[in-house]
Amino acid sequence: MSIQNKQIAVIAVDGPSGSGKGTICQLLAKELGWHLLDSGALYRLTALAARHHGVELDDVEALEVMAEHLDVQFKASDSGKAVQIILEGEEVTHAIRNERVGEDASVIAALGPVRRALLNRQRDFAQAPGLVADGRDMGTVVFPSAELKVYLDASAEERARRRYKQLISKEPGASLDDILNDIKARDARDMNRAIAPLKPAPDAVRLDTTQMTIDEVLQAVLDEARHRGLR
Ligand SMILES: Nc1ncnc2c1ncn2[C@@H]1O[C@H](COP(=O)(O)OP(=O)(O)O)[C@@H](O)[C@H]1O
Ligand SMILES: Nc1ccn([C@H]2C[C@H](O)[C@@H](COP(=O)(O)OP(=O)(O)O)O2)c(=O)n1
């Protein structure tokens, strides 16, 4: 098992679904000119690959093989905006973002062999000049020596409202109640699993973003980075 490369500065950002991790990490990586790890995408890709290959979500051995041999490329798109994600030659940038894939990802993420198979792949993202890492166990397991650990949170109701706003243009029938129930179920699964559960690292800076704008959250994290000499 490779260990965290301690030469490379890492900002680890963890928290539940809809707390703003993805948004803040993208902005942070851009502002600092650092690399970005979207670790949730790796769990989503493993879940999608399993579906494509007809692997059941309780077939631990086959899922471990899927995770170990995940054939994925993260490509900067021509517009320079979003990263394109290619799985086994097929573009899946949007396909991995739907709620069902998120749910499947949360199920397979409870399996130790899957998490172990993805560990080194995640640590390999730590390259100069630095890494912003988005996930559930970035500060606790994957990058325990990170220079800055942030735990983002918000009430389940606020997180459901954020997801609803995102979804409603694509799925006019989306229900806020259903989204809230899904968020609570995913929180429970991610927080209560035996291996690498979602929880703040003891040394994490905790931010409740329920009443904060995206820019306020970004500035708060940049202030912490500044205090630690990271920018
Ligand atoms: N502080 C905030 N206030 C309002 N909306 C936010 C805030 N942070 C994120 N959002 C919005 O909420 C949605 C979910 O955010 P996202 O970054 O995908 O969360 P996560 O990666 O933690 O699941 C996005 O549409 C994003 O623009
Ligand atoms: N480091 C990580 C990242 C994600 N996971 C699991 C648990 C999550 O419910 C799923 C999907 O994660 P993702 O960050 O893409 O989900 P959200 O955008 O927060 O809804 O993967 C994990 O167990 N550990």
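Residues numbered from 1 in each chain as written. Chains lettered and ligands numbered in written order. Predicted model: local features only at pLDDT ≥ 70, side-chain atom pairs only at ≥ 80, totals over all residues. Heavy atoms only, no water.

Within an unreviewed UniProt entry, the label attached to the chain reads Cytidylate kinase, and the organism entered is Marinobacterium sediminicola. Comment text from UniProt for the chain, heading Subcellular location (unreviewed entry), reads "Cytoplasm". The UniProt entry for the chain carries the following text under Sequence similarities (unreviewed entry): "Belongs to the cytidylate kinase family. Type 1 subfamily." (UniProt positions renumbered as here; feature names shortened; annotations may be inferred.)

Draft legend 1. Highlighting the site of ligand 2. Near ligand 2 there are 18 residues, and of these Ser17, Arg44, Arg115, Arg186 and Asp190 occur at the shortest range. Between ligand 2 and Ser17, the relevant distance is 2.6 Å, taken from an oxygen atom to a side-chain nitrogen or oxygen of the residue. Contact between ligand 2 and Arg136: an oxygen atom at 3.0 Å from a side-chain N or O atom of the residue. When the free accessible area of ligand 2 is taken as 520 Å², the share hidden by the protein chains comes to 95%. Residue assignment for the shell around ligand 2 shows that the elements contributing at least two residues are α2 (39-52), α4 (99-108) and α8 (176-192). In terms of residue count, the dominant contributor to the shell around ligand 2 is α2 (four residues). When grouped by side-chain class, the residues that make up the shell around ligand 2 number four nonpolar, five polar and nine charged. (Near = heavy atom within 4 Å. Polar contact = N/O pair within 3.5 Å; in protein donor to acceptor, adjacent residues only side chain to side chain. Areas by Shrake-Rupley, 256 points an atom, 1.4 Å probe, with all protein chains shown as cover. Helix = DSSP H or I, 4+ residues; strand = E, 2+ residues; numbered from the N terminus. Nonpolar A, V, L, I, M, F, W, Y, C, P; charged D, E, K, R; others polar.)

Draft legend 2. Quick look at the pattern of salt bridges. For the structure on display, the rule yields 13 salt bridges. Asp104 is the salt-bridge partner of Arg51, the closest N and O atoms lying 2.8 Å from each other. Placement of Arg51 in helix α2 and of Asp104 in helix α4 is noted, with a sequence separation of 53 residues between them. We note a salt bridge from Asp137 to Arg115, for which the minimum N-O separation is 2.9 Å. Taken together, the positions of Asp137 in the loop between β6 (131-135) and α6 (138-142) and Arg115 in helix α5 (residues 112-123) put the pair 22 residues apart, joining distant regions of the chain. Here the two residues Asp137 and Arg115 agree in accessibility, since each one is buried. Three or more residues are tied together by salt bridges with common partners; here these are Arg136, Asp190 and Arg193. (Salt bridge = Lys/Arg side-chain N within 4 Å of Asp/Glu carboxyl O. Buried < 20%, exposed > 50% of the residue type's maximum accessible area, 1.4 Å probe, protein only.)

Draft legend 3. Just the packing of α2 against α4, in detail. Two elements in contact, α2 and α4, have axes separated by 8 Å at closest approach and are oriented at 100°. When the axes of α2 and α4 are compared, the pair comes out roughly perpendicular. Between α2 and α4, the residues in contact are Tyr43, Arg44, Thr46, Ala47, Leu48 and Arg51 and Arg100, Val101, Gly102, Asp104, Ala105 and Ile108, respectively. Across the contact of α2 with α4, the residue classes tally to six nonpolar, two polar and four charged. (Axes fitted to C-alpha atoms, helices over the stretch in contact; angles between N-to-C directions. Parallel < 35°, antiparallel > 145°, perpendicular 65-115°, else oblique. Contact = heavy atoms within 4.5 Å.)

Draft legend 4. Examining the site of ligand 1 more closely. The environment of ligand 1 is formed by 14 residues, the closest being Gly18, Lys21, Thr23, Arg163 and Met212. Arg162 is positioned such that a nitrogen or oxygen atom in its side chain is 3.4 Å from a nitrogen atom of ligand 1. Relative to its free-state accessible area of 560 Å², ligand 1 is covered by the protein chains to the extent of 77%. Only α1 (21-32) and α7 (156-168) provide two or more residues apiece to the shell around ligand 1. Its residues assigned to classes, the shell around ligand 1 shows three nonpolar, eight polar and three charged.

Draft legend 5. α4, seen in detail. The complete set of buried residues in α4 reads Val101, Gly102, Asp104, Ala105, Ser106 and Ile108. In this structure, the buried residues of α4 make contact with α2, α3 (60-68), α5 and α8. Looking at where α4 begins, the residue whose side-chain oxygen comes 3.0 Å from the main-chain nitrogen of Arg100 is Asn98.

Draft legend 6. Region of interest: the sheet that holds strand β5 (residues 90-91). Within the open sheet, the three strands sit side by side as β3-β4-β5. Their pairing is antiparallel. Whereas interior strands pair on both sides, the edge strands pair on one side only; in this sheet they are β3 (72-76) and β5. Inspection of the sheet shows strand β4 (residues 83-87) paired to β5 by two bridges, in the antiparallel sense. Bridge pairing links Leu87 to Glu90 in β5. Across the face of the sheet, α2 comes into contact with β3, β4 and β5 while running at roughly 35° to β4. (Pairing = 2+ DSSP bridges.)

Draft legend 7. Expanded view of a negative patch on the surface. Where like charges cluster on the molecular surface, the negative patch consists of Glu56, Asp58, Asp59, Glu61, Glu64 and Glu68. Checked against the element boundaries, Glu61 lands in helix α3. (Patch = residues over 30% accessible without salt bridge, like charges linked within 9 Å, V, L, I, M, F, W, Y side chains within 5 Å. Lys, Arg positive; Asp, Glu negative; His and termini not counted. Charge placed at Lys NZ, Arg CZ, Asp CG, Glu CD.)

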